[in-house]
Each structure stands twice: as C-alpha cells, then as structure tokens.
Amino acid sequence: MRRIYLDHSATTPVHPRVASVVNRYMLADYGNASSVHSFGEAARKALIRAREQVAGLIGAEDREEIIFTSGGTESDNLAIKGAAWYNRKKGKHIVTSAGEHHAVLHACKALKRHGFRITEVGVDSEGRVDPDEVADAIEDDTILVTIMMANNEVGTVQPVAEIAEIARRHEVLFHTDAVQAVGQLDVNVSELGVDMLSISGHKIYGPKGVGALYLRKGTRIRSQQHGGHHERNMRAGTENVAGIAGLGEACALAEEELKFRRSHMIRLRDRLLDGLQESIEGLHINGSRDERLPNNANVSIAGVEGEAMLLGLNAEGIAASSGSACTSETLEASHVLSAMGMKPELAHASVRLTFGRENTEEDVDYVLQVFPGIVSRLRSMSPLDY
Amino acid sequence: MEYTDKVMEHFMNPRNIGEMENPDGVGKVGNPSCGDIMELFIRVEDDRVTEASFRTFGCGAAIATSSIITEMVKGKTLQQALEITNMQVAEQLGGLPDTKLHCSNLAADALKEAIEDYRRKQDDPNAE
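Conventions we followed
- Residues numbered from 1 in each chain as written.
- Chains lettered and ligands numbered in written order.
- Predicted model: local features only at pLDDT ≥ 70, side-chain atom pairs only at ≥ 80, totals over all residues.
- Heavy atoms only, no water.
- Domains from an automatic or database assignment.
- Contact = heavy atoms within 4.5 Å.
- Buried area = accessible area lost by both parts, 1.4 Å probe.
- Salt bridge = Lys/Arg side-chain N within 4 Å of Asp/Glu carboxyl O.
- Polar contact = N/O pair within 3.5 Å; in protein donor to acceptor, adjacent residues only side chain to side chain.
- Helix = DSSP H or I, 4+ residues; strand = E, 2+ residues; numbered from the N terminus.
- Nonpolar A, V, L, I, M, F, W, Y, C, P; charged D, E, K, R; others polar.
- Expected span 1.5 Å × (residues − 1).
- Bend = angle between axes of the 7 residues up to and from the residue.
- Buried < 20%, exposed > 50% of the residue type's maximum accessible area, 1.4 Å probe, protein only.
- Pairing = 2+ DSSP bridges.
- Axes fitted to C-alpha atoms, helices over the stretch in contact; angles between N-to-C directions.

Undergrad: Give a detailed account of the domain arrangement of chain A, specifying residues and quantitative values.
TA: Residue and element names in this part refer to chain A. The assigned domain composition of chain A is domain 1 (4-11 + 258-381) and domain 2 (16-254). Distance from the C-alpha centre of domain 1 to the C-alpha centre of domain 2: 28 Å. The interface is formed by 28 residues belonging to domain 1 together with 31 residues belonging to domain 2. It is Leu258, Arg261 and Leu293 in domain 1 that bury the most area against domain 2; as a group they hold 25% of the surface buried on that side. Applying the counting rule to domain 1 against domain 2 returns one salt bridge. Residue arginine 262 pairs with aspartate 186 through a salt bridge whose shortest N-O separation is 3.7 Å. Here domain 1 is connected to domain 2 by 18 residue pairs in polar contact (both at pLDDT 80 or more). Taken together, the elements giving at least two residues each to the side of domain 1 that touches domain 2 come down to helix H8 (241-279), strand E10 (296-301) and helix H10 (335-339). Across the side of domain 1 that touches domain 2, the residue classes break down as nine nonpolar, 12 polar and seven charged.

Put into structure tokens, the structure is as follows:
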C-alpha cells in the first residue's frame, strides 16, 4: 500500500546526510569533548562546527551564543525558568500567550507555584497574538515575554519582530519558541531582535533528543541543570556529540534548501487546501491563510471527529494528526483551537496535515482522491449536521 | 492509538448505521465538548430487542462500541439488554485503550437510555 507521511510538524525523517554525520560521531569519532586526547579533540571540533552551523542558520553573530540542549522542550524550559530565576529580584511577572506550546505554558505554570505571575494574552480567531495586547500586559515588574514564532498546530506565524521591539522598549527579555519556524521561514535573530530562541533537531530532518537555545551575548540566565562546566556553565552534562553534529548538519542543510523548501511546501499546501475546500462541504481552514507556515494545512470538517478521520486516513496509508481530545492523553480538545474561540465540536473535528521536503504533488492528489470518501463515510454515521 | 483488530474491523465496517424509521426507543448520550455523541435506536417486539441501529460522532472506539452493541443486543429481552455493561462491550471488542475505557465507551449507557425511552412511551402512549 502507498504510504504518505504528512505529519512533519510532529517529527521529520533524518536526512541521509545528517545520518551519516551522526554515524561518524557514534562509530569513529566517539570521544568525550572534555578529553585531552585526539578522540576528544575530534569531538570538540565537531561541537565547534555544529555551533557555527546553527549560528549560521539563524544569523547569530557569535557561535558562543548557541547552547546545545536535549531539544525544544529543554530549550524553552531553560530560557523561561533560567530568565525567571536570574531576574527574580527585578520582578516576578512573565507575559506569554494562550496558544503557546505546552513546553512554554507548563514551564510558566511551574514558575507560578514559586510565586511568579503569568499573564497569557489571548489569540484571535486565526491564532494571532496582537502586539498591542502584549504591550498592555507588560507591568513594572515584568521580566520576560515569550511568544512563539509560528504555531505548531495551526501554523499561524506571529508578529515576533514587532513584539520583540515592544519588549526591548520596556527593557524586558524576549524569548521565542521557533521550533516550527526554523527551516521554513527566514529566522534571523538580529532582524527579529530576540534575546533567546529555541530550536529542535528532529523538526528539521535532524535527530531526536537534540536542540539548541540561542542566548544573545550579554543575556544572563540561571542554569537549570548542575554538574560539569559544559556549554559555558549553562547546561551541564557530557555533550551529545553525535546528536549535536547531526543538528549542525541539519541546520546547514536547511540553510542550503530554505528557498526550495518554502516554495515547494507552499505549493503543496495550497494545492491541498484549495482542493479540500472544493471537494468537501462544511470545511473550515484553521489559522491564517496568509501568515502561515509553508508546510501547515489544518482544517476542521464539521460533523466528523478528528481521530476517526486519522484512522480512516491511516487505513489509506496517510499519516496525519488532529487536535481532537481523542488523540490526546488529557482528553481535552486542542488548547490552541479553544483559545481561538472554536466551538468544541469543530475543535474535535480538526485534522492537521504537515508537509516535508520529500512530499510531492502526487501525494497531494492522492489525499484529495481519498479524503472526501472518508469524510462522507463518517458523515453517513454522524448525528451532527454540517 | 493501540486498537485491537476487532475495533478496527468494526470501525472500518460498522454494522447497522443510520437513523431508524419509527423506532420504539431512542437513547442519546455524550456531548460535543467531550467529543463523543452517540444515538442508539431500538425496535422492540414481545419484550425483545429485534433491531438496533446507531449514529455516532466520535473516535474509533466510540464508533466501534456503537457498532458492536447493535449486534450484541439483537434478540435479547429488555432485562438482558439492561444488564449489558460498558465493560462487556469493551471486552467484546478485545479491549480498549485505557484512555478510551472511560470516555468513548458509552454504548451501554445509550442502550439503557433507549430502553427507558421505550418504557416511557409504553407507559404514556401519547408522549413523544
């Protein structure tokens, strides 16, 4: 059976070029970067090269501004908790948005138990944060604003440069979770004016279990993990050299391919969205049509529950995801769709299809060929109108 | 989601779908906010369920439990039908994932509602 992977926002396949680099640092140059000998030297060189590759992709001035972590979640936690604890005497207030990834929202929630105050600004019906609302939310003792660059569920791209400018005017640190944006959008830390930015390896054809935090020179945060002097004392623990080398290679690849990836995926995405809108009645496109991640198509199909659609698609060889409660462990509908003001029956009826560099127009046409049939079959047994 | 083959078989080929014409009893359970809505229709003759059908908005487990209960209940007396539990429905499907046992496993509840609806109508034939 034909198998089509359309869940690249969940994770991506490791690119062969990345895999061969990872392989080298697992099998041949396996040294500990802290060791004096030649094996250690090879590992140290790998870290320097990877730091330069990551810095290059996001326009960081100095490779020392890159801290390697275990992934996007750790990067978010380090940025938010690290900034909060370092600045706690200055203030205990943080501004974020209701549509953030759980890595951000739950890190903030954890700080709340330690007396920090969190303001979650809302998002509009397209999932967008209003910069004016962020400005209004900043108080005298605000120490951090954290707003994602692009939403992982609905793909809405946030006006991050504008919000960063507001934060800077108020002399408040600004962090952005750019896990979904990196490798798809122009991400330049200087142009964006961000102090901290989170990156994940496995969303950009790199390995799982590795990520990075960009930390602007002069920005002080408190380390959240204690041990050796790794990562300029910001993140203790023997470096995941193979993973880090893979992340670096993935970043170099993203830089080379950025233009192609963007135009390729926008073409596929729009072909899919237009085709679905034409062939399925009662279909609602979630998120912004214009300010949208190139690879993200997210729709709600009235009267049909999301997990049921995923099972139907999976039976046809198509891998997608959903914001339905039934696909989460918490049994609640997507907090992002809820924050956008979507009625529960539509939130439960959402499907997310996210493209990757290897998808083709034939993949899209195959989805368009089978999806309407799945929908009408499920609608034939649904008590809900559409 | 780890579904058994039996669940998938009922999900892919559900039995007895659709609204019944002039049903003797209708049971509705669930609500949109939890993501599952189940409607069960029954026909009753001589105190036995002779036919059942369903309409369900919900996940794979919700659809599979709806489908299998329409088969389980056929030919049962009303008393026997009332004794069917959600757990038995899940067992008939070879089990359900833990998270589904308490959210999408509502078919027996819908059946009870349908039988109560039937009895209400018997007690008061003018009631709608």
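Moving on from the model shown.
Undergrad: Pulling in residues and values, what's your account of helix H12 (residues 361-379) of chain A?
TA: Residues and elements named next belong to chain A. The first and last C-alpha atoms of H12 sit 27 Å apart over 19 residues, in line with the 27 Å expected at 1.5 Å per residue. Most pronounced at valine 370, the bend in H12 amounts to some 25°, and the proline proline 372 follows within four residues. Within H12, the full set of buried residues consists of Asp363, Val364, Tyr366, Val367, Leu368, Val370, Phe371, Ile374, Val375, Leu378 and Arg379.

Undergrad: Can you explain the pattern of salt bridges? Please cite residues and give values.
TA: Tallied over the entire structure, the rule returns 35 salt bridges over all chains. In this structure, glutamate 64 of chain A engages arginine 63 of chain A in a salt bridge whose closest nitrogen and oxygen atoms are separated by 3.6 Å. Judged by its relative accessible area of 29%, arginine 63 of chain A is partly exposed. Between glutamate 307 of chain A and lysine 100 of chain B there is a salt bridge, and its shortest N-O distance comes to 2.7 Å. Of this pair, glutamate 307 of chain A sits in helix H9 (residues 306-315) while lysine 100 of chain B is found in helix H5 (residues 98-101), placing the two residues in two different chains. Relative accessible area serves as the criterion here: at 3%, glutamate 307 of chain A is assigned to the buried category. By sharing partners, the salt bridges in this structure join Arg17, Arg49, Glu249 and Glu256 of chain A into a single network.

Undergrad: Outline the sheet that holds strand E9 (residues 283-285) of chain A, listing residues and values.
TA: Residues and elements named next belong to chain A. If you trace the three strands from one edge of the open sheet to the other, you get E9-E10-E12, paired in antiparallel fashion. With one partner strand each, in any of the chains shown, E9 and strand E12 (350-354) form the two edges of the open sheet. On average, each strand axis in the sheet is tilted by 25° relative to the strand beside it, whichever way the strands run. In this sheet, E12 lies alongside E10 in antiparallel orientation, the contact comprising five bridges.

Undergrad: Talk me through the interface of chain B and chain A; I want residue IDs and the actual numbers.
TA: Every contact between the two is made by 26 residues of chain B and, on the other side, 21 residues of chain A. Summing both sides of the interface, chain B and chain A together bury roughly 1,900 Å²; the carbon and sulfur share of this comes to 70%. Contact with chain A buries surface across chain B, with Phe11, Phe57 and Thr99 of chain B losing the most and accounting together for 30% of the total. Run the count over chain B and chain A and you get one salt bridge.

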